[in-house]
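# Coordinate inspection notes
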Amino acid sequence: MRELFRGRHRFADIRDALGIAPNLLSARLKTLVGAGVVRTLTYQEPGSRQRRSYHLTKAGADLSVVLGALQQWGDTHRPRPAGPSALRRTRSTGEPVRVAFVGGDGREVAGEDVLLDVRP
């Protein structure tokens, strides 16, 4: 999925970026399609057979918050000596962003102030 977030959609481009065996990538993409986080589109370049490109669904795009939270946790609690593997910034201003709990009034709520109300 990382490569889809980075704008790579063609199988060969994803495979090359990840350095992964085609059968393994195919199985992973099939799982993501089955889970509804990735969809396929068909395209055809002149003189070539039809191929599929892979794109995030709304559900897949929404996972960026989850993945961002996991990375943020890792950067805080299991930091790499070389620093964060990626930085998230706004497209408009370039300011760094982070994942947080936000109340109905738009203000950030500390994690320790969040109650998990489990429903039966």
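The rules behind the values
- Residues numbered from 1 in each chain as written.
- Predicted model: local features only at pLDDT ≥ 70, side-chain atom pairs only at ≥ 80, totals over all residues.
- Heavy atoms only, no water.
- Helix = DSSP H or I, 4+ residues; strand = E, 2+ residues; numbered from the N terminus.
- Rg over C-alpha atoms; globule rule 2.2 N^0.38 Å.
- Buried < 20%, exposed > 50% of the residue type's maximum accessible area, 1.4 Å probe, protein only.
- Contact = heavy atoms within 4.5 Å.
- Areas by Shrake-Rupley, 256 points an atom, 1.4 Å probe, with all protein chains shown as cover.
- Lys, Arg positive; Asp, Glu negative; His and termini not counted.
- Charge placed at Lys NZ, Arg CZ, Asp CG, Glu CD.
- Core = buried A, V, L, I, M, F, W, Y, C linked by side-chain atoms within 4.5 Å.
- pLDDT = per-residue confidence, 0-100.
- Salt bridge = Lys/Arg side-chain N within 4 Å of Asp/Glu carboxyl O.
- Patch = residues over 30% accessible without salt bridge, like charges linked within 9 Å, V, L, I, M, F, W, Y side chains within 5 Å.
- Expected span 1.5 Å × (residues − 1).
- Arc of directions from axis to C-beta.

## Structural notes on the overall build of the protein
Looking only at helices and strands, the protein features four helices and four strands. The N-to-C order of helical and strand elements in the protein reads α-α-α-β-β-α-β-β. For 120 residues, the compact-globule formula gives about 14 Å, and the C-alpha radius of gyration of the protein, at 18 Å, lies well above that figure. The burial tally for the protein puts 16% of its 120 residues in the buried class. Long-range contacts, defined as pairs at least 24 residues apart, comprise 28% of the intrachain contacts of the protein with a sequence gap of at least 6. With the model as given, the accessible surface of the protein reaches about 9,500 Å², and the carbon-plus-sulfur share is 53%. The averaged location of the 12 negative side-chain charges in the protein is 10 Å from the averaged location of its 20 positive side-chain charges.

## Details of the nonpolar core
Nonpolar side chains in soluble globular proteins generally cluster together in the buried interior. Counting nine residues, the largest nonpolar core is built from Leu4, Ile14, Ile20, Leu25, Leu29, Leu32, Val37, Val38 and Tyr54. Per-element accounting of this core gives the leading share, three residues, to helix α3 (residues 22-34). When residues no more than four places from it in sequence are discounted, the contact partners of Leu25 are Phe11, Ile14, Arg15, Leu18 and Ile20.

## Points about the confidence of the model for the protein
Residues shown with low pLDDT carry predicted positions that ought not to be read at fine detail. Scored by pLDDT, the protein has a mean of 94; 100% of the residues are at 70 or more. Mean pLDDT per element in the protein: helix α1 (residues 2-5) is the minimum at 92, and α3 is the maximum at 97.

## A closer look at the pattern of salt bridges
Tallying each qualifying case throughout the model produces nine salt bridges. A salt bridge links Arg10 to Glu45; the nearest nitrogen and oxygen atoms lie 2.3 Å apart. Of this pair, Arg10 sits in the loop between α1 and α2 (11-18) while Glu45 sits in the loop between β1 (38-43) and β2 (51-56); the two residues are 35 residues apart in sequence, bridging distant segments of the chain. Given a relative accessible area of 35%, Arg10 falls into the partly exposed group. On the basis of relative accessibility, which here comes to 36%, the residue Glu45 falls in the partly exposed class.

## Focus: a nonpolar patch on the surface
Residues Phe5, Val66, Leu67 and Leu70 make up a contiguous nonpolar surface patch of roughly 350 Å² in combined accessible area. With three residues, the single largest contributor to the nonpolar patch is helix α4 (residues 58-77). Here Val66 is to be found in helix α4. Taking relative accessible area as the criterion, Val66 reaches 45% and is therefore assigned partly exposed.

## Some remarks on α3
For α3, with 13 residues, the first-to-last C-alpha span of 18 Å sits near the 18 Å given by 1.5 Å per residue. Taken residue by residue, α3 has Leu25, Leu29 and Leu32 as its buried positions. Buried residues of α3, seen end-on, are gathered within an arc of 60 degrees and therefore sit on one face of the element. Exposed residues lying more than 90 degrees from the buried face of α3 are Asn23, Lys30, Thr31 and Gly34.

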